[in-house]
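Each chain, written out:
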Amino acid sequence: MQLNKVYSVKTIDRVAAELGETVDRIFDLAIDMETEDGVIWVYGPGDERVIAFTPFGVENLRELIEMDAEHAR
């Protein structure tokens, strides 16, 4: 049995601020990420929901940002 070792997640707003990116850009990069890539949806009351990232997910986003920047050159 594999144990889940996720001990914390950060919301998309926090990750965007930490990485110096807009929430929209982070969302666009993360939309194709899977749970195995470190992204999850957190559901609140009613229809409230927010995308969040594990530490592994934040690292994957950093790589996606770098790849996207290289592609744009």
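For the structure, see preceding data.
Residues numbered from 1 in each chain as written. Predicted model: local features only at pLDDT ≥ 70, side-chain atom pairs only at ≥ 80, totals over all residues. Heavy atoms only, no water.

Colleague: I'd like a description of a nonpolar patch on the surface, backed by residues and values.
Modeller: On the surface, Val6, Val9, Ile40 and Val42 cluster together into a nonpolar patch covering about 270 Å² of accessible area. Here Val9 is to be found in the segment before strand E1 (10–11). A relative accessible area of 37% means that Val9 is categorised as partly exposed. (Patch = residues over 30% accessible without salt bridge, like charges linked within 9 Å, V, L, I, M, F, W, Y side chains within 5 Å. Areas by Shrake-Rupley, 256 points an atom, 1.4 Å probe, with all protein chains shown as cover. Salt bridge = Lys/Arg side-chain N within 4 Å of Asp/Glu carboxyl O. Helix = DSSP H or I, 4+ residues; strand = E, 2+ residues; numbered from the N terminus. Buried < 20%, exposed > 50% of the residue type's maximum accessible area, 1.4 Å probe, protein only.)

Colleague: Lay out the nonpolar core with the relevant residues and their values.
Modeller: In terms of nonpolar packing, the biggest core is built from 14 residues, with Ile26, Phe53 and Leu61 touching the most fellow members. At the level of elements, helix H1 (12–19), helix H2 (23–30), strand E3 (49–53) and helix H3 (55–72) are the ones that each hand at least two residues to this core. Here this core gets four residues from one element, more than from any other, and that element is H1. The contacts of Leu61, once residues within four sequence positions are left out, are Val15, Leu19, Ile26, Leu29, Ala30, Met33 and Phe53. (Core = buried A, V, L, I, M, F, W, Y, C linked by side-chain atoms within 4.5 Å. Contact = heavy atoms within 4.5 Å.)

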